[in-house]
Amino acid sequence: MSEEIHNEGASNEEVTPVDEAHDSGDALSQAEAILNEAAAQGTVPDKEAELREDLQRLQAEYVNYRKRVERDREAVRELAVQSVLNNLLPVLDDIDAARAHGDLTDGPFASIANKLDAVLEGLGLERINEAGVAFDPAVHEALLQQPNPEIPADHVAMVLRAGFKKGDRIMRAAQVIVSLGE
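*Asks:* Tell me about the overall build of the protein chain, residues and numbers included.
*Replies:* Of regular secondary structure, the protein chain possesses four helices and six strands. Put simply, the protein chain runs from its N terminus to its C terminus through helices and strands in the order α-α-α-α-β-β-β-β-β-β. With 182 residues in all, the protein chain has 21% of them scored as buried. When contacts within the protein chain are restricted to residue pairs at least 6 apart in sequence, those whose partners lie at least 24 apart make up 61%. Carbon and sulfur atoms form 52% of the exposed surface of the protein chain, whose accessible area is close to 13100 Å².

*Asks:* Could you give an account of helix 4 (residues 108-122), with specific residues and numbers?
*Replies:* When the terminal C-alpha atoms of helix 4 are compared, their 21 Å separation across 15 residues agrees well with the 21 Å that a helix rising 1.5 Å per residue should span. Within the sequence span of helix 4, burial applies to A110, A113, D117 and L120. Down the axis of helix 4, the buried side of the element spans an arc of 90 degrees, and every buried residue falls inside it. Turned more than 90 degrees off the buried face of helix 4, the exposed positions are P108, I112, K115, V119 and G122. Looking one or two residues beyond helix 4, the residue adopting positive phi is G124, at roughly 100 degrees.

*Asks:* Any details on the nonpolar core? Residues and values, ideally.
*Replies:* Counting residues in each nonpolar core, the largest one holds 13 residues, and the members touching the most others are L85, L92, L104, L125, F164 and M171. The leading source of residues in this core is helix 3 (residues 45-100), at six residues. Once residues within four sequence positions are removed from consideration, L85 is found in contact with L120, L123, L125, K166 and M171. Formed by six residues, the second largest nonpolar core is a distinct cluster that contains V139, V156, A174 and V176.

*Asks:* Which residues make up the pattern of salt bridges, and what are the values?
*Replies:* Following the criterion strictly, the structure yields 10 salt bridges and no others. Close ionic contact of E70 with R73 constitutes a salt bridge, the shortest N to O distance being 2.7 Å. Of this pair, E70 and R73 are both found in helix 3, three residues apart, which corresponds to roughly one turn of the helix. A salt bridge links D93 to R172; its shortest N-O distance comes to 2.7 Å.

*Asks:* Now, about the side chain of Q82: what can you tell me, with residues and values included?
*Replies:* One can find Q82 in helix 3. Among the residues examined, Q82 registers a relative accessible area of 11% and is labelled buried. Aside from chain neighbours lying at most four places away, what touches Q82 is K166, R169 and M171.

*Asks:* Let's hear about a nonpolar patch on the surface: which residues, and what values?
*Replies:* A cluster of nonpolar side chains, L143, L144, M158 and L160, forms an exposed patch at the surface whose accessible area comes to about 350 Å². Mapped by element, the contributors of at least two residues to the nonpolar patch are strand 2 (140-146) and strand 3 (156-161). Mapped onto the fold, L160 is located in strand 3.

*Asks:* Provide a residue-level description of unusual backbone geometry, including the pertinent values.
*Replies:* Phi at D154 takes a positive value of approximately 60 degrees, unusual for a residue other than glycine. Within the element layout of this structure, D154 appears in the loop between strand 2 and strand 3.

*Asks:* Describe the confidence of the model for the protein chain, and please don't skip the residues or the numbers.
*Replies:* Residues of the protein chain with pLDDT of at least 70 account for 82%, and the chain-wide mean is 83. The low-confidence segment residues 1-13 (pLDDT under 50) makes five contacts with residues lying over four places distant or belonging to another chain. In the predicted structure, residues 15-24 sits below a pLDDT of 50 and forms six contacts with residues beyond four places in sequence or in another chain.

*Asks:* Explain the sheet that holds strand 6 (residues 174-179) to me, and be specific about the residues and the numbers.
*Replies:* Strand order across the open sheet formed by three strands is 2-6-3, with mixed pairing between neighbours. The sheet is open, and its two edges are formed by strand 2 and strand 3, each paired on a single side. Adjacent strand axes in the sheet meet at a mean angle of 30 degrees, parallel and antiparallel pairs treated alike. Where strand 2 and strand 6 come together, six bridges link them in parallel fashion. The residue bridging A142 from the neighbouring strand is V176, located in strand 6.

Calculation criteria
Residues numbered from 1 in each chain as written. Predicted model: local features only at pLDDT ≥ 70, side-chain atom pairs only at ≥ 80, totals over all residues. Heavy atoms only, no water. Helix = DSSP H or I, 4+ residues; strand = E, 2+ residues; numbered from the N terminus. Buried < 20%, exposed > 50% of the residue type's maximum accessible area, 1.4 Å probe, protein only. Contact = heavy atoms within 4.5 Å. Areas by Shrake-Rupley, 256 points an atom, 1.4 Å probe, with all protein chains shown as cover. Expected span 1.5 Å × (residues − 1). Arc of directions from axis to C-beta. Core = buried A, V, L, I, M, F, W, Y, C linked by side-chain atoms within 4.5 Å. Salt bridge = Lys/Arg side-chain N within 4 Å of Asp/Glu carboxyl O. Patch = residues over 30% accessible without salt bridge, like charges linked within 9 Å, V, L, I, M, F, W, Y side chains within 5 Å. pLDDT = per-residue confidence, 0-100. Pairing = 2+ DSSP bridges. Axes fitted to C-alpha atoms, helices over the stretch in contact; angles between N-to-C directions.

Structure representation (structure tokens):
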């Protein structure tokens, strides 16, 4: 085949067949092997330098592409987890209400609720339901203000509905009563 191309005048260089299939191995390592082979055959030094620069640029583009794909893949995964967690928040509210009424003290449903809590905690979901902490409008949604001698002013007196966060992102603010102090 290389003789046919050479005889037709399509190229001044001799074409050598590739020993490996194009799909096997890393394409960048194959390109580097071709450049090294060209250097061994005594190709023009300017052409070799140009090809090396092209190879280095391609390698950098490939590395950047892989990093971008991995970053995008992680972002899509995180969005999918957050979507599932957002859809489960009403279920968690119902479980909290059942616990508050004593319906989930023991039994199979209590076990299922505990397992669900453990799985969601493993995914990074955290509850915001602590009373006595300083009121933070980024984390809390104030529904009422009431005087409370036991809790200092501008602190959470009672959590009416738990909030949730995943990492630094607030999934839902906690609905609270804020203390006015005395």
